[in-house]
Amino acid sequence: MSMHELFATRASRMKASEIRELLKLLDQPGIISFAGGIPDPELFPADGFSEAFQAALGPEQQAQALQYSVSEGYVPLREWLVGHMREIGVECGLDNILITSGSQQALDYLGKLYLSPGDTALVGWPTYLGALSAFNAYEPRFDRLSINGNRGAAEYKAAAGAGAVKFAYLSPDFANPTGETVDLRGREALLDLADDLNCALIEDGAYQALRYDGDAIPPILALELARKGSIEDCRTIYCGSFSKTLSPGLRVGWVVAPKPVISQLVLMKQAADLHSATINQMAIDQVARACFDTHIPMVRRAYSARRDAMLQALQEHMPEGVQWTKPEGGMFIWVTLPVGMDGADLLASALETVKIAFVPGKAFFPDGTGANTIRLSFSNSDEDAIREGVRRLGEVLRG
Ligand SMILES: Cc1ncc(COP(=O)(O)O)c(C=O)c1O
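In what follows, the accompanying structure is described. Sequence order as written defines residue numbering, which begins from 1 separately in each chain. Local features in a predicted model are, by the rule used here, given only for residues with pLDDT of at least 70; side-chain atom pairs are given and counted only at 80 or more, and totals for whole chains, interfaces and linings are based on all residues. No hydrogens and no water enter the side-chain calculation; it runs on all heavy atoms of the structure.

Looking only at helices and strands, the protein chain has 13 helices and 13 strands in total. Our radius of gyration is a C-alpha quantity, and the globule rule it is checked against amounts to 2.2 Å times the number of residues to the power 0.38. Relative to the 2.2 N^0.38 estimate, which gives 21 Å for 399 residues, the radius of gyration of the protein chain is 21 Å and therefore close to what a compact globule would have. Once the C-alpha set of the protein chain is aligned to its principal axes, its extents read approximately 60 × 60 × 55 Å. In the protein chain, which comprises 399 residues, the proportion classed as buried is 55%. The accessible surface values rely on the Shrake-Rupley method and a 1.4 Å probe; as for residues, cover is taken only from the protein chains in view. Carbon together with sulfur atoms contributes 52% to the accessible area of the protein chain, which is approximately 17,500 Å² in total. Note on charges: Lys and Arg go in the positive column, Asp and Glu in the negative column, and His and the chain ends are not counted at all. In plain terms, the charge of a residue is placed at NZ if it is Lys, CZ if Arg, CG if Asp and CD if Glu. Here the protein chain contributes 36 positive and 49 negative side-chain charges, whose respective centroids are spaced 3 Å apart. The helix and strand labels rest on DSSP assignments: H or I over at least four residues marks a helix, E over at least two residues marks a strand, and numbering proceeds from the N terminus. For every residue, the accessible area obtained with a 1.4 Å probe (protein chains only) is divided by the maximum for its type, and the residue is called buried under 20%, exposed over 50%, and partly exposed between those limits.

Structure below.
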């Protein structure tokens, strides 16, 4: 008997990606990697965390820091988040906030909460791979979310067949993988579509704080609040994260939603992990209070210079026929190669011949299209490495 025969049907949908094998080569010396969408560890507020953990383990706080705690999350951190959400235009109360172990956990719970097998999740084409993996376990069908309304609710409903369209998921600011931002009109059109479909809207704000230029656009949840007056009447569920701003390793994120949604998510959290690590929430709370407002501008300055270096290098070194996005924030530039080229083949030869890495774009498409795309991350290399890496990419593209 093979143990595989015992696995639930959903397990067959969870596949390790082939590119992971290739990316294992990243440990080799001399590789310049634009692959991982990860923050630069030099930018972690490490001293702040060191003080915060010492305080949490000191005589006054240790009993609480090392103890079980409530599933909703550490109250002072949720209070800080009420203020933070207000600053970005979202008026909500403590009971509208759940702390999660990273926003990835929120995506998993939302898949679990909304998707029965055969239901439809509307997602970008391409979209964040981690969202596809999280939702996929709940056996949905994926349909392509068109933002500026060339597909109406009736068309989506007809395509959904026997299942229902349960939610649309997107990251409206500097999306992973494209770096693109949805403009105000697009956000309003999405709210209209969600109303017409009577579905939820999952707004992934993972990169929201990382804007380098251009004017901030209100979160979709803020726009819906302006329409409906109370968060309790909203269908947008906002997922936030401290991973891209303070530290991904502590695994602290949050969800903002109407109370009945939060209550249901709390039950899921109780079943899954009881609560996110108390001491990590306490440390994030202390560091956010002490330095969020001064730390984020510093992070923005560093990534903005790297984005500029990458855009300039692409301009200099990309051959004719290659196009790329010009993100106003975040960590990614999305490159479209001439039709017929394959990003995975390019990665294999780029690793071997010029020692650079990136992520082939295909993995971000639910239907496996997009072979001629690649994602470049500029967040974790300095400007010199970016210029040299893009020069080498140009070299391998010219063949
Ligand atoms: C768009 C997006 N959402 C969510 C996440 C998950 O982040 P975390 O679970 O660390 O909050 C990521 C991580 O890369 C991401 O790019």
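Mapped onto the elements, Asn 176 comes out in the loop between β5 (165–170) and α8 (184–197). Polar contacts involving the side chain of Asn 176 include one to the side chain of Arg 375, which spans 2.8 Å. For Asn 176, the contacting residues outside a window of four places in its chain are Thr 127, Tyr 128, Tyr 207, Phe 332, Phe 364 and Arg 375. Nitrogen and oxygen atoms within 3.5 Å of one another constitute a polar contact, given that in protein one can donate a hydrogen and the other can accept it, and given that sequence-neighbouring residues count only through two side-chain atoms. Any two residues whose heavy atoms approach within 4.5 Å are treated as being in contact.

A few words on a nonpolar patch on the surface. Side chains of Met 3, Leu 6 and Phe 7 sit close together on the surface and give an oily, nonpolar patch of about 350 Å² of accessible area. Mapped onto the elements, Leu 6 comes out in the segment before α1 (18–23). The patches reported here contain residues having more than 30% relative accessible area and no salt bridge. Joining distances are 9 Å for like charges and 5 Å for nonpolar side chains (Val, Leu, Ile, Met, Phe, Trp, Tyr). Salt bridges are defined as contacts in which a side-chain nitrogen from Lys or Arg sits within 4 Å of a carboxyl oxygen from Asp or Glu.

Among the eight residues in helix α6 (residues 129–136), six count as buried, and that is most of the element. Among the residues of α6, those classed as buried are Gly 130, Ala 131, Leu 132, Ala 134, Phe 135 and Asn 136. Buried residues along α6 sit against α5 (102–114), β3 (120–123), β4 (141–144), β5 and β6 (200–204).

Covered by surrounding structure in strand β2 (residues 97–100) are Ile 97 and Ile 99 together with Leu 98 and Thr 100, the residues of both alternating faces. Pairing between two strands requires that DSSP report at least two bridges joining them. Strand direction decides the pairing type here: β2 and strand β8 (residues 253–256), joined by four bridges, are antiparallel. Directly across from Ile 97, in β8, lies its bridge partner Val 256.

Residues are counted as near a molecule or strand when any one of their heavy atoms sits within 4 Å of it. Every residue near the ligand is listed here: Gly 102, Ser 103, Gln 104, Tyr 128, Asn 176, Asp 204, Ala 206, Tyr 207, Ser 241, Ser 243, Lys 244 and Arg 251. Arg 251 places a side-chain nitrogen or oxygen 2.7 Å from an oxygen atom of the ligand. By residue number, the principal contributor to the shell around the ligand is α5, which donates three residues. Throughout, the ten residues Ala, Val, Leu, Ile, Met, Phe, Trp, Tyr, Cys and Pro are labelled nonpolar, Asp, Glu, Lys and Arg are labelled charged, and all others, Gly among them, are labelled polar. Taken together, the residues of the shell around the ligand break down into three nonpolar, six polar and three charged.

This brings us to the pattern of salt bridges. Scanning the model with the defined rule gives 21 salt bridges in all. The partner of Glu 91 in a salt bridge is Arg 86, and the shortest N-O contact between them spans 3.1 Å. Owing to a relative accessible area of 47%, Glu 91 belongs among the partly exposed residues under this scheme. In this structure Arg 86 comes out as partly exposed when scored by relative accessible area, which is 45%. In this structure, the salt-bridge partner of Lys 166 is Asp 119, at a minimum N-O distance of 2.6 Å. Pair noted here: Lys 166 is in strand β5 and Asp 119 is in the loop between α5 and β3, with a separation of 47 residues, a long-range link. Residues participating in the shared-partner salt-bridge network are Arg 141, Asp 143, Arg 151 and Glu 155.

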